[in-house]
Amino acid sequence: MLAVLGVQAHSAAPLMRPDADVVQKLLDDLVRGDGFPAALAAVRSRDGRVRDYTAGVGDLRTRARTPVDGEVRIGSNTKTFVSVVVLQLAGEGKVRLDEPVETYLPGLIRGNGNDGRRVTVRQLLQHTSGLPEYTGFLDLAVAPYRYDYYEPRRLLDMALQQKPAFAPGTRWKYTNTNYIVAGLLIERVTGRPVAEEITKRVIRRLGLRHTYFPAVGERGIRGPHPDGYQQDPDKPLVDMTDLDPSWAWAAGQMVSTPAEINRFFGAVVGGKLLKPEQLKEMRRTVAVSPHAPAGYGLGLFRRPLRCGGQSWGHGGDIPGYSTWNSVTDDGRAVAIAVTRTPFPSEAAEKHLDAAVQTALCGS
């Protein structure tokens, strides 16, 4: 069995009684029962007290401890950072949400029926554009592809080899291509790299010390971190900690920690990064499925809580790491990261969801 580590509080007073112990047990179960090498979490109560949790080991080879609030690749949580920047530009009058992408990126979206004159900025952020997905062209678990550098335009070119998935605005479908285009839009409007805009407008503004957009060519993770592993069907476990994340770019390249993810999403929902009009637009959701109660706004998922009410967040997967997170309007927050992809089983996914719900709702 993997070693299981304990809880570290940011204040002397307990966050919950007895729910803190319940969250630890759920993380232990993710390691012992579901086969994740490590799990790490940060939970914040209504009064702002934070408790960190770890389970498992951070390195299967050396059996090193899982670092408390360690850095992880946060995958598609990056999309919310990008959406915030676009909405800030909208609040400054530099971007209009219902304007065609063509206005800001003339001639870029063309080919096989894809047309930037018919896709709006809102539809990019909302995943209702119909633009085709590019990630099917990549096999990132195989060297040397995991170390290749991909320019954003190359990713977009992959997508545009295909026909649209549907007419813009007629359906919802989660597609990474949308946020590649959103990143290019930010760069065209500001004249600066998307990483610089995210850093200036969000990361420095919130004082996030362990959240960053990796530099060009950067393959490792800068701070203390657990290693991330990929295990595809009928294949051995592969250490995917080091890779070139440029293939994810504005759709999923960033690194953060559970506690800083909570701080970011809490700031978003709490109105600290956006003007009221833009925050209202961000929180206007469309259905993601006729059978699912969740909704998607502009780079933000809305999910119902089993204890009543709703939570906001995103979540993200990238080879080696999966991060689930939610915050509530009254200040509760949880972020849980695990270090194996894809999930070992459907049951493991349900257990991770249960851990998030328990952290927000209590035992």
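Residues numbered from 1 in each chain as written. Predicted model: local features only at pLDDT ≥ 70, side-chain atom pairs only at ≥ 80, totals over all residues. Heavy atoms only, no water.

Draft legend 1. Looking closely at the sheet that holds strand 8 (residues 229–230). Strands sit in the order 9-8-18 across an open sheet of three strands; the sheet is mixed. Every interior strand has two partners, whereas the edge strands, strand 9 (238–239) and strand 18 (340–341), have only one. With two bridges connecting them, strand 8 and strand 9 associate as antiparallel partners. If you follow Q230 over to strand 9, its bridge partner there is V238. (Pairing = 2+ DSSP bridges. Helix = DSSP H or I, 4+ residues; strand = E, 2+ residues; numbered from the N terminus.)

Draft legend 2. Looking closely at the packing of aromatic side chains. Evaluation of the coordinates by the stated rule reveals ten aromatic pairs. For the ring pair F81 and F264, a centre distance of 3.7 Å and an interplane angle of 10° mean the geometry is stacked. A residue pair is termed long-range when its members are at least 10 positions apart, and F81 in helix 2 (residues 78–91) and F264 in helix 8 (residues 258–269) qualify at 183 residues. No difference in accessibility class separates F81 from F264, as the two residues are buried. Seen from their ring centres, F264 and F265 are 5.0 Å apart, and the 75° between their planes marks the pair as edge-to-face. Residue F265 is classed as buried on the basis of its relative accessible area, which comes to 1%. Taken together, W172, Y174, Y296 and F301 form an aromatic cluster joined through their ring pairs. Its end group placed over the ring of Y212, R222 keeps NZ or CZ at 3.8 Å from the ring centre. (Phe/Tyr/Trp six-rings, centres within 6.5 Å; stacked < 30°, edge-to-face > 60°. Buried < 20%, exposed > 50% of the residue type's maximum accessible area, 1.4 Å probe, protein only. Lys NZ or Arg CZ within 6 Å of the ring centre and 35° of its normal.)

Draft legend 3. Region of interest: the state of the cysteines. The final tally for this structure, using the stated rule, is one disulfide. The disulfide bridge from C307 ends at C361, spanning 2.1 Å between sulfur atoms. Between C307 and C361 the sulfur-sulfur dihedral comes to about -65°; the bridge is accordingly left-handed. Separated by 54 residues along the polypeptide, C307 in the loop between strand 13 (301–304) and strand 14 (310–313) and C361 in helix 10 (residues 346–361) bring together distant segments of the chain. Of the residues examined, C307 reaches a relative accessible area of 43% and is grouped as partly exposed. Of the residues examined, C361 reaches a relative accessible area of 22% and is grouped as partly exposed. (Disulfide = S-S within 2.5 Å.)

Draft legend 4. Broad picture of the nonpolar core. Counting 77 residues, the largest nonpolar core has Y134, I198, W247 and F264 as the members making the most contacts within it. Once residues lying within four places of it in the same chain are set aside, the contact partners of I198 are F81, V82, V85, I203, F213 and M254. By size, the runner-up hydrophobic cluster in this structure holds 21 residues, among which are V23, F36, A39 and I336. (Core = buried A, V, L, I, M, F, W, Y, C linked by side-chain atoms within 4.5 Å. Contact = heavy atoms within 4.5 Å.)

Draft legend 5. Inspection of helix 2 at higher detail. Taking 1.5 Å per residue, 14 residues should reach 20 Å; helix 2 reaches 20 Å between its end C-alpha atoms and fits that length. Within two residues after helix 2, G93 carries a phi angle of roughly 80°, on the positive side. (Expected span 1.5 Å × (residues − 1).)

Draft legend 6. Representation of the packing of helix 2 against helix 6 (residues 194–206). At a minimum axis distance of 10 Å, the contact between helix 2 and helix 6 shows a crossing angle of 100°. Comparing their axes, helix 6 and helix 2 come out roughly perpendicular. Each of F81, V82, V84, V85, Q88 and L89 in helix 2 lies in contact with helix 6, whose residues at this interface are E197, I198, R201, V202, I203 and R205. The class makeup of the residues in the contact of helix 2 with helix 6 is eight nonpolar, one polar and three charged. (Axes fitted to C-alpha atoms, helices over the stretch in contact; angles between N-to-C directions. Parallel < 35°, antiparallel > 145°, perpendicular 65-115°, else oblique. Nonpolar A, V, L, I, M, F, W, Y, C, P; charged D, E, K, R; others polar.)

Draft legend 7. Region of the structure containing unusual backbone geometry. Here the amide bond leading from T341 into P342 is cis, since omega sits at -15°, within 30 degrees of zero. Tracing the backbone shows P342 in the loop between strand 18 and helix 10. The residue R63 is not glycine, and still its phi comes out positive at about 60°. Assessed through its relative accessible area of 42%, R63 is described here as partly exposed. One non-glycine residue with positive phi stands out, namely D69, at about 50°.

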